[in-house]
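Analysis of the macromolecular model
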Amino acid sequence: MAPHPLINQPVPEFSIPDANGHTFKFPPEEQGVRVKKPIALFFYPEAGTFGCIREACQFRDALVEKEIFKRTDVQVIGISPDPVPKQKQFVESQSLTYPVLSDEKHVAYQAFHVGKSLLGFTDTRTTFVIDSEGIIRDSLSATMNYSAHVKFVIKALGKLEVDSSQHSGESSSKTHDVEDDAVRSDDSSSSQIRDELGRVAYVVGA
């Protein structure tokens, strides 16, 4: 598969509502200055569905459980086409601790070239890792395998650490736990894919 066209490019800018209806400017700023930290930006198909609940909660938990998430101070941001009230309910019901954005008009989707999957029945589940300078470093599109996205971010953050250490001449020993974090999972990827395929087949056949 060809790499995403935005890899190694500056992040697109956009402004859309968050789960509270407030305008969220991307990339994030504090007092008019761009925040200098890595970002894990994940697009998910629909709030409240099985796979999206699991994915969103895995990102929530990774922020407190995964050492590389804490060490890099990565900012997690979720986006779906759901309206603000549905996003607010989703955030509150799952106790999500990071910004969740409403993109009903697909502004961010178009900016990041995120299209459809599954014969056009749903938006693609896609995650981007952006470095502290605002450059898109890697992406993953995996609609069925929702648990692959946190693992992907762990590995991508590890690469960022290695690149940073090599650039500055510092030791890269801090990445020792990256592979351990990446392989820890409570779910089997194959069973997740079967579950998602079954749900899609049910929806299509209904």
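See above for the structure.
A brief structural summary.

Focus on unusual backbone geometry
In the segment running from F26 into P27, the intervening peptide bond is cis, with an omega of 0 degrees. With respect to the helices and strands, P27 occurs in the loop between strand 2 (23–26) and strand 3 (29–30). With phi around 50 degrees, S95 is a residue other than glycine that occupies positive phi space. Relative to the helices and strands, S95 resides in the loop between helix 3 (84–94) and strand 7 (100–102). Taking the relative accessible area as the measure of exposure, S95 reaches 47% and is therefore partly exposed.

Points about helix 3
For helix 3, the complete set of buried residues consists of Q87, F90, V91 and Q94. Each buried residue of helix 3 lies within a common arc of 95 degrees when the element is viewed along its axis, so the set occupies one face. Exposed side chains of helix 3 directed beyond 90 degrees from the buried face belong to P85, Q89 and E92. Contacts made by the buried residues of helix 3 are with helix 1 (50–65), strand 6 (75–80) and strand 7. S95 occupies a position one or two residues after helix 3 and carries a positive phi of about 50 degrees.

Points about the pattern of salt bridges
Following the criterion strictly, the structure yields 14 salt bridges and no others. Residues joined by salt bridges that share partners form a network here, namely E46, D82 and K86.

Notes on the nonpolar core
By size, the foremost hydrophobic cluster in this structure holds 26 residues, and its most contacted members are F59, F69, Y98, V153 and L157. No other element matches the seven residues that helix 5 (residues 148–168) contributes to this core. Among residues more than four places away in sequence, those in contact with F69 are F59, A62, L63, V74, V76, V150, V153, I154 and L157.

Focus: the side chain of T72
Tracing the sequence through the fold places T72 in helix 2 (residues 67–72). Among residues more than four places away in sequence, those in contact with T72 are P38, L157 and E161.

A look at the pairing of strand 2
With burial as the criterion, only one face of strand 2 is covered, namely that bearing F24 and F26; the residues T23 and K25 on the opposite face remain uncovered. Relative to strand 2, strand 1 (residues 14–17) runs antiparallel, the two being bridged by four bridges. Paired with I16 across the two strands is F24, which belongs to strand 2. Remark: five residues form the turn of the hairpin made by strand 1 and strand 2, two consecutive strands paired antiparallel; G21 in that turn has positive phi of roughly 85 degrees.

Topic: the sheet that holds strand 11 (residues 136–141)
Spatially, five strands are ordered 7-6-5-10-11 in an open sheet, and the strand pairing comes out mixed. Looking at the sheet topology across the chains shown, the edges are occupied by strand 7 and strand 11. Pairs of neighbouring strands in the sheet enclose a mean axial angle of 20 degrees, with direction left out of account. As judged from the five bridges shared by strand 5 (residues 39–43) and strand 10 (residues 126–130), these two strands associate in the antiparallel manner. Directly across from F43, in strand 10, lies its bridge partner T126. The strands touched by helix 1 are strand 5, strand 6 and strand 10; relative to strand 5, the strand with the most contacts, the crossing angle is about 165 degrees.

Calculation criteria
- Residue positions within a chain follow its written sequence, with the count starting from 1.
- Reporting in this predicted model follows two pLDDT cut-offs: at least 70 for local features of residues, and 80 or more for side-chain atom pairs to be given and counted; totals over whole chains, interfaces and linings ignore these cut-offs and use all residues.
- Side-chain figures throughout are based on the complete set of non-hydrogen atoms in the structure, without hydrogens or water.
- What counts as a helix is a DSSP run of H or I of at least four residues, what counts as a strand is a run of E of at least two, and both are numbered from the N terminus.
- Only protein chains enter the area calculation, which uses a 1.4 Å probe; residues under 20% of their type maximum are buried, those over 50% are exposed, and those in between are partly exposed.
- Arc definition: it is the arc formed by the directions from the helix axis to the C-beta atoms.
- We call two residues contacting when some pair of their heavy atoms lies within 4.5 Å.
- Any Lys or Arg side-chain nitrogen found within 4 Å of a carboxyl oxygen on Asp or Glu counts as a salt bridge.
- Side-chain atoms within 4.5 Å are what join buried Ala, Val, Leu, Ile, Met, Phe, Trp, Tyr and Cys residues into a set we call a nonpolar core.
- Whether two strands pair depends on DSSP finding at least two bridges between them.
- As a rule, the C-alpha atoms of each element are fitted with a line to give its axis, helices using only the stretch in contact, and angles between N-to-C directions run from 0 to 180 degrees.

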